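Take a look at the letters that make up each chain.
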Amino acid sequence: MAVAAPAGSARESVRLKRERDQEVLVWPDLVFIEFIAAVLFTITFVVLATFFNAPLLNKANPNVTPNPSKAPWYFMNLQELLLHMDKGLAGVIVPTMLLIGLMVIPYVDRDNEGQGTWFGTVNSVRITFFSFVWSGVWISWLILWDNGSQVLVYQHLPQLWGSNERLKWLGDKNPFKGWPVEGVLKPIWDFIFLPNRLAIRDTWHWSLPVPFQPGAGPHDGRLDWPKDFLQIPIPLNGTWGWNWGGKPNWMPGWLQHVYPYNSDFSLPAITAEWIVPIIAMVGLPALMIYILHKIGWAHTVRDAMIALFTGFIVVYFALTIVGAAFRGKGQALVPPYRVPNLEKDPSILRQVEPPPSHLVLADPRVVVRARDG
Amino acid sequence: MAMTEQPKGPGLGDWLYDRLFHNYIWSSVFRSGYPNTPRNQMLAIATNVFLHLHPTRIHKTHVKITHTYCLGGLSFFMFLGLTVTGVMLMFYYVPDVNRAFNDVQALETNVRFGMLIRNLHRWMAHAMVLLVLMHMMRVFYTGAYKPPREFNWVVGVILLVLTLLLSFTGYLLPWDQLALWAITVGTNIAGAAPILGGQSRLVLIGGFDVGPNALIRFYTLHVIALPLLAAIFMSVHFWRIRRDGGLARPL
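Here the structure is a predicted model, which is why all the values come from computation and not from measurement.

(A) Broad picture of the overall build of chain B. Regarding its fold elements, chain B presents 11 helices and one strand. Counting from the amino terminus, chain B carries its helices and strands in the arrangement α-α-α-β-α-α-α-α-α-α-α-α. A burial count over chain B gives 51% of its 251 residues as buried. Contacts in chain B between residues at least 24 apart in sequence constitute 63% of all its contacts with a sequence separation of at least 6. Summing over all exposed atoms, chain B offers an accessible surface of approximately 12900 Å²; the carbon and sulfur share of this is 69%.

(B) A look at the nonpolar core. If you look at the biggest cluster of nonpolar residues, it comprises 108 residues, and the most contacted ones within it are A:Tyr74, A:Phe309, B:Met136, B:Phe140, B:Trp153, B:Leu172 and B:Trp175. In terms of residue count, the dominant contributor to this core is helix H7 (residues 114–141) of chain B (14 residues).

(C) Spatial organisation of the packing of helix H5 (residues 124–146) of chain A against helix H12 (residues 301–325) of chain A. Residues and elements named next belong to chain A. Where H5 contacts H12, the two axes come as close as 8 Å, and the packing angle between them is 35 degrees. The element H5 and its partner H12 pack so that their crossing is right-handed. Two secondary-structure elements touch here, H5 through Ser124, Ile127, Thr128, Ser131, Phe132, Ser135, Gly136, Ile139 and Ile143 and H12 through Asp303, Ile306, Ala307, Thr310, Gly311, Val314, Val315, Ala318, Leu319 and Val322. Classifying every residue of the contact of H5 with H12 by side-chain character gives 11 nonpolar, seven polar and one charged.

(D) Spatial organisation of unusual backbone geometry. A cis amide bond links A:Trp27 to the next residue, A:Pro28, at an omega of 15 degrees. Here A:Pro28 lies in helix H2 (residues 26–51). The step from B:Pro147 to B:Pro148 runs through a cis peptide bond, and the omega angle for that step is 5 degrees. With respect to the helices and strands, the residue B:Pro148 is situated in the loop between H7 and helix H8 (150–172). The backbone of A:Gln331 shows a phi angle near 55 degrees, a positive value even though the residue is not glycine. Mapped onto the secondary structure, A:Gln331 falls in the loop between H12 and helix H13 (364–372).

(E) Representation of the packing of H7(B) against H8(B) within the structure. Residue and element names in this part refer to chain B. The interhelical angle for the contact between H7 and H8, taken along N-to-C directions, is 160 degrees, at an axis separation of 10 Å. Accordingly, the angle class assigned to the pair H7 and H8 is roughly antiparallel. Handedness of the H7/H8 crossing: left-handed. The segment H7 lies against H8, with Arg122, Met128, Val129, Val132, Leu133, Met136, Val139 and Phe140 engaging Trp153, Leu160, Thr163, Leu164, Ser167 and Tyr171.

(F) Layout of the interface of chain A and chain B. Taken together, the contact between chain A and chain B spans 95 residues of the former and 91 residues of the latter. Both sides together, the interface formed by chain A and chain B hides about 8400 Å², and carbon and sulfur atoms give 71% of it. Contact with chain B buries surface across chain A, with A:Trp27, A:Gln115 and A:Trp118 losing the most and accounting together for 9% of the total. The interface formed by chain A and chain B contains two salt bridges. Breaking the side of chain A that touches chain B down by element, the ones donating at least two residues are helix H1 (4–21), strand E1 (23–25), H2, helix H3 (76–82), helix H4 (87–108), H12 and H13 of chain A. Take the side of chain A that touches chain B: its biggest share by element is 17 residues, from H2(A). The residue makeup of the side of chain A that touches chain B, split by class, is 58 nonpolar, 20 polar and 17 charged.

(G) Spotlight on the environment of B:Arg39. Residues and elements named next belong to chain B. Within the secondary structure layout, arginine 39 lies in helix H3 (residues 38–46). In this structure arginine 39 comes out as exposed when scored by relative accessible area, which is 58%. Spatially, the C-alpha atom of arginine 39 lies 9.9 Å from that of threonine 56, the residues being 17 residues apart in sequence. Here the side chain of arginine 39 touches asparagine 40 through a polar contact of 3.3 Å, side chain to side chain.

(H) Focus on the packing of aromatic side chains. Enumeration according to the criterion identifies 37 aromatic pairs over all chains in this entry. Among the aromatic side chains, those forming a connected cluster through ring pairs are A:Trp118, A:Phe119, A:Phe309, A:Phe312, A:Tyr316, A:Phe317, B:Tyr69, B:Phe140, B:Tyr141, B:Tyr145 and B:Trp153. Over the face of the ring belonging to B:Tyr171 we find B:Arg122, whose NZ or CZ atom lies 5.0 Å from the ring centre.

(I) Structural context of a nonpolar patch on the surface. A cluster of nonpolar side chains, contributed by A:Phe32, A:Phe35, A:Ile36, A:Val39, A:Leu40, A:Ile43, A:Val47, A:Leu48, A:Phe51 and A:Phe52, occupies part of the molecular surface with about 990 Å² of accessible area. Within the fold, A:Ile43 resides in helix H2.

(J) Quick peek at H4(A). With 22 residues, H4(A) extends 30 Å from end C-alpha to end C-alpha; this agrees with the ideal 32 Å at 1.5 Å per step. Of all the positions in H4(A), only A:Gly88, A:Leu89, A:Ala90, A:Gly91, A:Val92, A:Val94, A:Pro95, A:Leu102, A:Ile105 and A:Pro106 are classed as buried. In this structure, the buried side of H4(A) is in contact with H3, helix H11 (267–294) and H12 of chain A together with H7, H8 and helix H9 (177–191) of chain B. Residue A:Asp86 occupies the N-cap position of H4(A), its side-chain oxygen lying 2.9 Å from the main-chain nitrogen of A:Gly88.

Thresholds, definitions, all that
Residues numbered from 1 in each chain as written. Chains lettered and ligands numbered in written order. Predicted model: local features only at pLDDT ≥ 70, side-chain atom pairs only at ≥ 80, totals over all residues. Heavy atoms only, no water. Helix = DSSP H or I, 4+ residues; strand = E, 2+ residues; numbered from the N terminus. Buried < 20%, exposed > 50% of the residue type's maximum accessible area, 1.4 Å probe, protein only. Contact = heavy atoms within 4.5 Å. Areas by Shrake-Rupley, 256 points an atom, 1.4 Å probe, with all protein chains shown as cover. Core = buried A, V, L, I, M, F, W, Y, C linked by side-chain atoms within 4.5 Å. Axes fitted to C-alpha atoms, helices over the stretch in contact; angles between N-to-C directions. Left-handed = near helix turned anticlockwise from the far one by under 90°. Nonpolar A, V, L, I, M, F, W, Y, C, P; charged D, E, K, R; others polar. Parallel < 35°, antiparallel > 145°, perpendicular 65-115°, else oblique. Buried area = accessible area lost by both parts, 1.4 Å probe. Salt bridge = Lys/Arg side-chain N within 4 Å of Asp/Glu carboxyl O. Polar contact = N/O pair within 3.5 Å; in protein donor to acceptor, adjacent residues only side chain to side chain. Phe/Tyr/Trp six-rings, centres within 6.5 Å; stacked < 30°, edge-to-face > 60°. Lys NZ or Arg CZ within 6 Å of the ring centre and 35° of its normal. Patch = residues over 30% accessible without salt bridge, like charges linked within 9 Å, V, L, I, M, F, W, Y side chains within 5 Å. Expected span 1.5 Å × (residues − 1).

In short, geometric facts, not functional conclusions.
Printed below as a string of structure tokens:
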């Protein structure tokens, strides 16, 4: 022990000495870089602020709603998300889960391998690339699908291929007419070619003979979507299962206050607004990680985190860009040149009035300029 | 006779240097001498309240621009610039629905460099959001959140949220159509929360519509509450960089 200690400390001091050789002084090496960066950015922003004015429209008027009304750009991804699922899910639950997800990254991925270098692990670059393409393609497809854009393809593809006969079935409303299992195949066929998410609630329809319907009381012997699913009682409200006698008094008071025990829910609406979006948001990332694992690229938690984080960044910016540059009047999906420019729209055009007299300063030239606009 | 060069006496430069940096007043302000020796260079960092956020020496990979692209530092620089321009804007701005819009208009037309200051504030605010996002991406892809820096990543996520909130609260202040409707859309998003949505929207805008109460609330949050919070979390963020052993680098 007594012999080993000096040897160890000698090695230690050699190691420290080598570390010292790798170091530079903060003054001037780092302070200089910071100074130059600050100067460059100051110049850039002064030039930018000289040539590009911050927008100022009409005075706020609660009676004139601009169409489209848009959130600031960094929240436009949330605004875009609102178009594709329930408001509470898109506006609050998803962002909250994402923030929590971001915060727990370092507690899930604790391996120190590859830290401190760009894309430090073996497959990180190709995983990033895969996730970039995967997320980009899926988010574009989902936005287009929810907009019903693929209907155009179904309508025009048979014509585009020259022969109407060969692909006639693609645009066919019911290729299974007269089949014995038509009642099952037709809804599946319709589901595949649904124009958008809300069509699950509004236009998708099927009717199956189900003679035995527990707890349904007198019924017509068939189960119809969406008619029979519009008013499903919330569990524990006393109309099905055990009878709790109306108000569930066994629940603590705050839960009775929060729990909607006396209402019904519409399964078609829940499917369109919650279930389908959640399946997309959970299922597609999960499928991506499964594929990455199966093809042998993703081995560690870090690899999965890279895939998920890249997906988050891609979707964040894709939704922002679509919300900002591709949403026109009534939030319709339009090419960027048809998105109304708020500053040129007559209904909200900026009025150039001379400022009120108590705000006009003494310099007469300034007053003239203000009046001329 | 060998001619050896004799050292000359002190020149004018040396005299000036001595007068400037070796006098009673200079050394009362800066305890160290002019930073032209390694010792003084380290002291310049260590004895200065602003610079001592830095260590006195760092690993040479950390001064490579491509390691960080200065993104965190630039985010902080945007915060400083926004504070300075924001204070200037406060001189001319009154958060009252009857005055706010006119104040901004007057600032643009009647105040010398008023438009420039407003433009600077706006573009720097947008840039700060982008820079913070890019800084987060840099930290992620360099694996810099890994132990022992887990908690500092969490502080960083909180700072991202504070940056977004700062930008969002400032968006209402010009009180024009863009501001009113963007905040209406934004707070409606908050109001969509399942149980507490209506309540949280009510608290946020102080009423059922974006009006005078919303303006004064957003103003107060924007100019004092959120900047203070951000400053506190930034202090923790910078402090933890030092405590956790500087920037991340390969083991």
